[in-house]
Structures are given as C-alpha cells and as structure tokens.
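# Summary of structural features
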Amino acid sequence: MFVKDVVRWIANHKTIQDINIKSILRPVDFEIESKMIDQLFNEMRAKKSHIVMSGRVWRHIRLATLEDILEEIAGEIQDEFDSEEEFSKQLKDGTCMKF
C-alpha cells in the first residue's frame, strides 16, 4: 500500500472512515534471488515498479527497491531522510554488523 493511494482515496471520498483497503492494495512482484541485477533493474523499469520481494522459494525473503539496485551500481545514495552516522552492533563472535 502506498501513501499516495491512501491520499487519493481520501481526496475522492472526503473521509478515511470507510476506506476499502483491498481496492488500493497493489500486487508485489516476486523475483528469484539469483537473477542478475541488470536484468532485475530493466524489468522493474519496464513494469514501473519500485519494489520487489526476492528470495529462495519463500525461505529468506527480502524487499529490494529500485534505490537498493542503484546503490549497488553507483554507491550509497543519501537523501533528506538518511542519517550521516552509521549504526553498528558488535556481535557475540566479535564481528560487527552495520545498519
């Protein structure tokens, strides 16, 4: 569900009280994890989709966005909502996980 779809509903119906959630839900594409990034990027552009679920037969599911793909190609993209500081956590085995 996208915020713009909810806002469009409110604009057309003047209320959110009787919103029909099913009518504004959008289908989510599922792609296999092993798909090449350039192929996924081109398919997302063709479908005008900015988000897909990827994984191995529903075992480990991950959301992949168009921004994720662009960051894989061009490096980290900062916008007005991103923090400059990196968050990290020390794991029990001594490794560090960055968020």
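Up top is the structure.
Residues numbered from 1 in each chain as written. Predicted model: local features only at pLDDT ≥ 70, side-chain atom pairs only at ≥ 80, totals over all residues. Heavy atoms only, no water.

### Observations regarding empty space enclosed by the protein
For the structure shown, the criterion picks out one cavity of 30 Å³ or more. Taken together, Asp 29, Glu 31, Leu 40, Glu 43, Met 44, Lys 47 and Val 52 make up the full set of residues lining the largest cavity. Every element with two or more residues in the lining of the largest cavity is listed here: β1 (29-32) and α3 (37-47). Per element, the largest residue contribution to the lining of the largest cavity is four residues, and it comes from α3. Here the lining of the largest cavity is built from residues that sort into three nonpolar, no polar and four charged. (1 Å grid on protein atoms, 1.4 Å probe; cavity = no way out; pocket = protein on both sides within 12 Å on 5 of 7 lines; lining within 4 Å. Points joined across faces, edges and corners; volume = space filled by probe spheres on them. Helix = DSSP H or I, 4+ residues; strand = E, 2+ residues; numbered from the N terminus. Nonpolar A, V, L, I, M, F, W, Y, C, P; charged D, E, K, R; others polar.)

### Quick look at the layout of surface pockets
There is about 400 Å³ of room inside the largest pocket. As for the largest pocket, its lining consists of 13 residues, and the residues nearest its centre are Phe 2, Arg 26, Ser 49, His 50 and Ile 51. Here the residues of the lining of the largest pocket sort into six nonpolar, two polar and five charged. As for the second largest pocket, its lining consists of 13 residues, and the residues nearest its centre are Ile 37, Arg 62, Ala 64, Ile 69 and Glu 72. Listing elements by their share of the lining of the second largest pocket, those giving two or more residues are α3, β2 (51-55), β3 (62-65) and α4 (66-74). Considering every element that reaches the lining of the second largest pocket, the biggest residue donor is α4, with four residues.

### Details of the side chain of Glu 71
Its place among the elements puts Glu 71 in helix α4. What makes Glu 71 buried here is its relative accessible area of 18%. Setting aside residues up to four positions removed in sequence, Glu 71 forms contacts with Glu 76 and Ile 77. (Buried < 20%, exposed > 50% of the residue type's maximum accessible area, 1.4 Å probe, protein only. Contact = heavy atoms within 4.5 Å.)

### Some details on a nonpolar patch on the surface
Together, Met 1, Ile 21 and Leu 25 give the surface a local cluster of nonpolar side chains, amounting to about 280 Å² of exposed area. Mapped onto the elements of the fold, Leu 25 is located in the loop between α2 (21-24) and β1. (Patch = residues over 30% accessible without salt bridge, like charges linked within 9 Å, V, L, I, M, F, W, Y side chains within 5 Å. Areas by Shrake-Rupley, 256 points an atom, 1.4 Å probe, with all protein chains shown as cover. Salt bridge = Lys/Arg side-chain N within 4 Å of Asp/Glu carboxyl O.)

### So, helix α1 (residues 3-13)
Turning to α1, its buried residues are Asp 5, Val 6 and Trp 9. Taken end-on, α1 shows its buried residues confined to a sector of 100°, consistent with a single buried face. Buried residues belonging to α1 abut α2. Once α1 ends, the next one or two residues include Lys 14, with phi positive near 65°. (Arc of directions from axis to C-beta.)

### Some thoughts on the nonpolar core
Counting residues in each nonpolar core, the largest one holds seven residues, listed as Leu 40, Phe 41, Met 44, Val 52, Ala 64, Leu 66 and Ile 69. Listed by contribution, the elements that provide at least two residues to this core are α3 and α4. If one sorts the elements of this core by residue count, α3 sits on top with three residues. Each residue touching Val 52, except ones within four places of it in the same chain, is listed here: Val 28, Asp 29, Glu 31, Leu 40, Met 44, Arg 62, Leu 63 and Ala 64. (Core = buried A, V, L, I, M, F, W, Y, C linked by side-chain atoms within 4.5 Å.)

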